[in-house]
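What follows is the residue order along each chain.
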Amino acid sequence: MAVWADFETNDGADGAEVRFSGRLTLARMGDLPQRLDELGPISLLDLSNITRIDTVGAWIVTRTMHRHDAKVVGASQDAQRLLDALANDTSEYRIHGDRRPAWVRMLEQLGTASVAIWNELLGIIGFFGAMVVALFNQIRARRAIRWNAIVTRFQTVGVDALPIIGLMSFLIGIVIAQQGSVQLKQFGLEVFTINLVGRASIRELGLLMTAIMVAGRSGSAFAAQIGTMKLTEEVDAMRTIGVSPMEAIVLPRVAASTITMPLLGFYASICAIIGGGIFCWIGLEIPPLTYVQRIREIIPMTDFWIMLIKAPVFGILIGVTGCYEGMQVRQNAEQVGKRTTSAVVAAIFLVIVLDAFFAVFFTSLGWN
Amino acid sequence: MAELIEPEKFDIAIKVRGLCNQFGDAVIHEDLDLDVRSGEILGVVGGSGTGKSVLMRSIIGLQIPTAGEVEVYGKTLDTIVDEEESRDLRRRWGVMFQGGALFSTLTVAENIQVPLREFYPRMDSELLDEIAAYKVAMVGLPNDAGPKYPAELSGGMVKRAGLARALALDPALLFLDEPTAGLDPIGAAKFDELIRELADTMGLTVFLITHDLDSLYATCDRVAVLAEKKVIAVGTIPELLATEHPWIQEYFNGPRGRAASGSNDALTRADRKS
């Protein structure tokens, strides 16, 4: 008894007569479909010798029957039942999405992406507005501020981030001092390394690096947490109970990141200055006392104010972007990952764009 | 190449002997025996936590039993060393999980093609598409369901898509874990009908875990009752009704049981079979 599906052909008047044998099933199909395709016109399909047939076998037979307008004979009761099930349904079934030329799809993607970015920006601005309204409502209705939630977030966004942000800023301070001193040495002005480290850390780098770190650590966490809550319908449950998700989820997070950013930024700047100081002490033999004195002389108070003005803005931006992206999660778990990524990317990008604006703005104010 | 399994040669498709399952201190099964005959639809019922899903997972090798033996078509999964042999056994069954367990990043059609691609990597894509379309039609999904993602489907359609994927390899053995849970009564009744129809057309052996009394009456040839850590009774519904066991009596003769038996004539299934 033949085990694998097979067939033999006899030439008939209108074309080949195909006699199948063996088990016409998916598991024993082998290369039968290909060999069948290679045949010329077929007039007859004989199933009387097969030992078994399954849906795939039935499909192959039906397909060949339609292509060659052939007749099927010798089907057993089981086979006939399968063939009948196929014959009854002649409607077209779609299997793939649309298939268009690559350049059309590329153009479409470009367009869709541009519109998506624009919408995302509008969405973030709109979300910020909704958040301000929610805050206003909360204050007007004299509902208690959720201090517990804020403090918990404050812990994860701020306190837990201290070691990593401290270490990062410390190292950046060393790098600025080291690279700066190499350049300044050419003019014999190593002592200005202190100016470089001090002003760069307080005015720009300390805060900027902190913002990037917080966006990566906490902005992503906000998006992922809220996204998961959306998926498990926690957010909807909250709404039905009458708790505003804006008040319960978003405001505490944004509040925490807003309060944390100035503190973390200042802390990061100090760590960078300490790092720079240590390099100056060891590498340039500037004693710490001189270093501290110089730092106090050269850093204008305006640098400090600039940092303190920028920090909460960055904090709001990171918090709002993270929460907004989290709230946009719909449908499936894959979205959580996507939205988390775009929360981080959007937050870092917007922070840097805003930072550029701030730099131009404060310089034209004369805060050099 | 190892000798391929020929399911139709077996009268008993699944043979479970002395199965024990234990999680920490919690004993789920103790010395459990069960036979599933070829070509029957066996309903498995039991209270919550009696280990219906664990039993299914033990049979398909997702759960390694503490003790005992599970034979599917004469083979025991944990003693098979040959990769070919275990693949051959695995493709004899299709499993539909409770939540459908469709891969969320793939479309319905791609979901159906996953097992085909896995077991028949050289199959040409045209035939793959045709088979997917066929299965979509077979389980009664609408024409345009193929390119849709699971998230775009309704609960009933997810179940049907899950069934289509379970049937992708034309298995001889079908495991269904609460297929009608979460469906509305009309959808559930249609699903029952679909299972019955497919089982008849394709000569399937079905292992059906359910809580749905209507499903039991409408589809099952025999019912196995899980309680007290073992299968306390197996038989047709009239046979079970004749037993004295209090849980069985309460289950079938409780208010819901009586309602279900009223709407479905319990004898029709047995009659159609004989």
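Residues numbered from 1 in each chain as written. Chains lettered and ligands numbered in written order. Predicted model: local features only at pLDDT ≥ 70, side-chain atom pairs only at ≥ 80, totals over all residues. Heavy atoms only, no water.

- Chain B is annotated in an unreviewed UniProt entry as ABC transporter ATP-binding protein of Sphingopyxis terrae subsp. terrae NBRC 15098.

## Some words on the overall build of chain A
Now for step 1: Along the backbone of chain A there are 12 helices and four strands.
Now for step 2: Classification of the 368 residues of chain A by burial places 43% in the buried group.
Now for step 3: Considering only contacts within chain A whose residues lie at least 6 apart along the sequence, 79% involve residues at least 24 apart.
Now for step 4: For chain A, the accessible area works out to roughly 19300 Å², and carbon and sulfur atoms hold 64% of it. (Helix = DSSP H or I, 4+ residues; strand = E, 2+ residues; numbered from the N terminus. Buried < 20%, exposed > 50% of the residue type's maximum accessible area, 1.4 Å probe, protein only. Contact = heavy atoms within 4.5 Å. Areas by Shrake-Rupley, 256 points an atom, 1.4 Å probe, with all protein chains shown as cover.)

## Details of unusual backbone geometry
Now for step 1: Even without a glycine there, the phi angle at A:Glu285 is positive, about 55 degrees.
Now for step 2: By the element assignment, A:Glu285 lies in the loop between α9 (245-283) and α10 (288-298).
Now for step 3: Taking relative accessible area as the criterion, A:Glu285 reaches 68% and is therefore assigned exposed.
Now for step 4: Even without being glycine, B:Asp170 reaches a positive phi, approximately 55 degrees.
Now for step 5: With respect to the secondary-structure elements, B:Asp170 resides in the loop between α5 (155-166) and β6 (173-177).
Now for step 6: A relative accessible area of 13% means that B:Asp170 is categorised as buried.

## Things to note about the sheet that holds strand β8 (residues 222-227) of chain B
Residue and element names in this part refer to chain B.
Now for step 1: Across the sheet, six strands lie side by side as β5-β6-β7-β3-β8-β9; this open sheet has mixed pairing. What marks the edges here is a single partner per strand, and that holds for β5 (93-96) and β9 (230-235). Mean inter-strand twist for the sheet, computed between neighbouring axes without regard to direction, equals 15 degrees.
Now for step 2: Contacting β3 (41-46), β5, β6, β7 (205-209) and β8, helix α1 (residues 52-59) crosses the sheet at an angle of about 145 degrees to β7. (Pairing = 2+ DSSP bridges. Axes fitted to C-alpha atoms, helices over the stretch in contact; angles between N-to-C directions.)

## Re the pairing of strand β1 (residues 6-11) of chain A
All names here are of chain A.
Now for step 1: Across six bridges, the pairing between β1 and strand β2 (residues 16-24) is antiparallel. Note on β2: the bridge partner recorded for Asn10 is Glu17.
Now for step 2: Turn length for the β1-β2 hairpin, with the two strands adjacent in sequence and antiparallel, is four residues, and the turn residue Gly15 shows positive phi of about 150 degrees.

## Focus: the interface of chain A and chain B
Reports often express the size of an interface as the amount of accessible area lost when the parts come together.
Now for step 1: Contacts between the two partners involve 29 residues from chain A and, on the opposite side, 40 residues from chain B.
Now for step 2: Here chain A packs against chain B, burying approximately 2900 Å² in sum over the two surfaces, 59% of which is carbon and sulfur.
Now for step 3: Viewed at the interface, chain B and chain A are joined by two salt bridges.
Now for step 4: Measuring nitrogen to oxygen at the nearest pair gives 2.6 Å for the salt bridge that ties B:Glu130 to A:Arg63.
Now for step 5: Here chain A and chain B share eight residue pairs in polar contact (both at pLDDT 80 or more) between them.
Now for step 6: Among the secondary structure elements, those contributing two or more residues to the side of chain A that touches chain B are α1 (32-38), α2 (55-68) and α3 (77-87) of chain A. (Buried area = accessible area lost by both parts, 1.4 Å probe. Salt bridge = Lys/Arg side-chain N within 4 Å of Asp/Glu carboxyl O. Polar contact = N/O pair within 3.5 Å; in protein donor to acceptor, adjacent residues only side chain to side chain.)

## Some remarks on empty space enclosed by the protein
All names here are of chain A.
Now for step 1: Under the definition given, this model contains two cavities of 30 Å³ or more.
Now for step 2: Computed from the structure, the second largest cavity encloses a volume of approximately 40 Å³.
Now for step 3: Taken together, Ser169, Ile172, Ile176, Ser201, Leu205, Gly206, Met209 and Ala272 make up the lining of the second largest cavity.
Now for step 4: Elements with a minimum of two residues in the lining of the second largest cavity: α6 (162-185) and α7 (193-231).
Now for step 5: For the lining of the second largest cavity, the element with the most residues is α7, which contributes four residues.
Now for step 6: Looking at the lining of the second largest cavity, its residues break down into five nonpolar, three polar and no charged. (1 Å grid on protein atoms, 1.4 Å probe; cavity = no way out; pocket = protein on both sides within 12 Å on 5 of 7 lines; lining within 4 Å. Points joined across faces, edges and corners; volume = space filled by probe spheres on them. Nonpolar A, V, L, I, M, F, W, Y, C, P; charged D, E, K, R; others polar.)

## Concerning the sheet that holds strand β2 (residues 26-37) of chain B
All names here are of chain B.
Now for step 1: The three strands lie next to each other as β2-β1-β4, forming an open sheet whose pairing is antiparallel. With one partner strand each, in any of the chains shown, β2 and β4 (67-72) form the two edges of the open sheet. The mean angle between the axes of side-by-side strands here comes to 15 degrees, regardless of whether they run parallel or antiparallel.
Now for step 2: Judged from the five bridges that link them, strand β1 (residues 12-23) and β4 form a sheet pairing that is antiparallel. What sits directly across from Val16, in β4, is Val70.
Now for step 3: Those strands touched by α1 are β1, β2 and β4, and its axis lies near 120 degrees from that of β1.

## Considerations on the packing of aromatic side chains
Now for step 1: Under the criterion given, the structure shown has 14 aromatic pairs over all chains.
Now for step 2: An aromatic cluster is defined as three or more aromatic residues linked by ring pairs; in this entry it consists of A:Phe314, A:Phe358, A:Phe361, A:Phe362 and A:Trp367.
Now for step 3: It is B:Lys135 that lies over the ring of B:Tyr134; its NZ or CZ is 5.9 Å from the centre.
Now for step 4: The ring of B:Phe103 carries the charged tip of B:Arg165 above its face, separated from the ring centre by 4.5 Å. (Phe/Tyr/Trp six-rings, centres within 6.5 Å; stacked < 30°, edge-to-face > 60°. Lys NZ or Arg CZ within 6 Å of the ring centre and 35° of its normal.)

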